[in-house]
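Here are the chains, one letter per residue:
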Amino acid sequence: LSGLVMAASTPYMDAPVEVVFEKRAEKTEEGEATPSEPQVEQSPEFIHGIGGLVHNATGFARERVVVVTRWSATDATVEILDDGPGFPQHVIQRLGDPYLSTRSGKEGHMGLGIFISQTLLAQTGAVLSFGNRWNGGAIVTARWPRSALDPPGVTDGN
């Protein structure tokens, strides 16, 4: 999972902001084995969906974008956090709608980036959520049930 997230982000590594990657298994209840990282098959939907979200974050970040990959025995998430201005409150509930942008008409922006990423990632089983960080900046979370990511035959996350 984390390797594929990094590969999807590679085209945006030359942005004028730092892009940092973190990965971690979620803590399990006492006595349970820590699950192994999901083995995700490469697909254009995953690559372009995650890549689009990272690209969007680098466009708004002031200095840094952090991409956090987490997993447990039941699900996996990719969080993309930036230190930019965050999402305007009046658009958060509508994020993912086509043609919704605070930059519409500027530099060729049409408000389709998040819509396309959300549509592509939905085809991989992801559900996206959007919000603002308490200390400033935006956070986008893509969450999958573990069963949507692991190849056939991998069922317990180990």
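For the structure, see preceding data.
Rules and cut-offs
Residues numbered from 1 in each chain as written. Predicted model: local features only at pLDDT ≥ 70, side-chain atom pairs only at ≥ 80, totals over all residues. Heavy atoms only, no water. Core = buried A, V, L, I, M, F, W, Y, C linked by side-chain atoms within 4.5 Å. Buried < 20%, exposed > 50% of the residue type's maximum accessible area, 1.4 Å probe, protein only. Helix = DSSP H or I, 4+ residues; strand = E, 2+ residues; numbered from the N terminus. Contact = heavy atoms within 4.5 Å. Phe/Tyr/Trp six-rings, centres within 6.5 Å; stacked < 30°, edge-to-face > 60°.

A. Local environment of the nonpolar core. In this structure, Ile50 and Trp144 are the most contacted members of the largest nonpolar core, which totals 34 residues. Looking at this core, the elements that each hand over two or more residues are helix 1 (2-9), helix 2 (44-60), strand 2 (64-71), strand 3 (75-82), helix 3 (113-122), strand 4 (127-132) and strand 5 (138-145). Considering every element that reaches this core, the biggest residue donor is helix 2, with 6 residues. Once you skip the residues sitting within four places of it in the chain, Ile50 turns out to touch Val5, Ala8, Val78, Ile80, Leu121 and Trp144.

B. Region of the structure containing the environment of Gly113. Mapping Gly113 onto the fold places it in helix 3. Separated by 60 residues in the primary sequence, Gly113 and Leu53 have C-alpha atoms spaced 7.6 Å apart.

C. Structural context of the packing of aromatic side chains. Tallied over the full model, the rule gives 2 aromatic pairs. Measuring from centroid to centroid gives 6.1 Å for Phe87 and Phe130, while their planes differ by 90°, and the two rings are edge-to-face. Of this pair, Phe87 sits in the loop between strand 3 and helix 3 while Phe130 sits in strand 4; the two residues are 43 residues apart in sequence, bridging distant segments of the chain. Each member of the pair, Phe87 together with Phe130, is buried.

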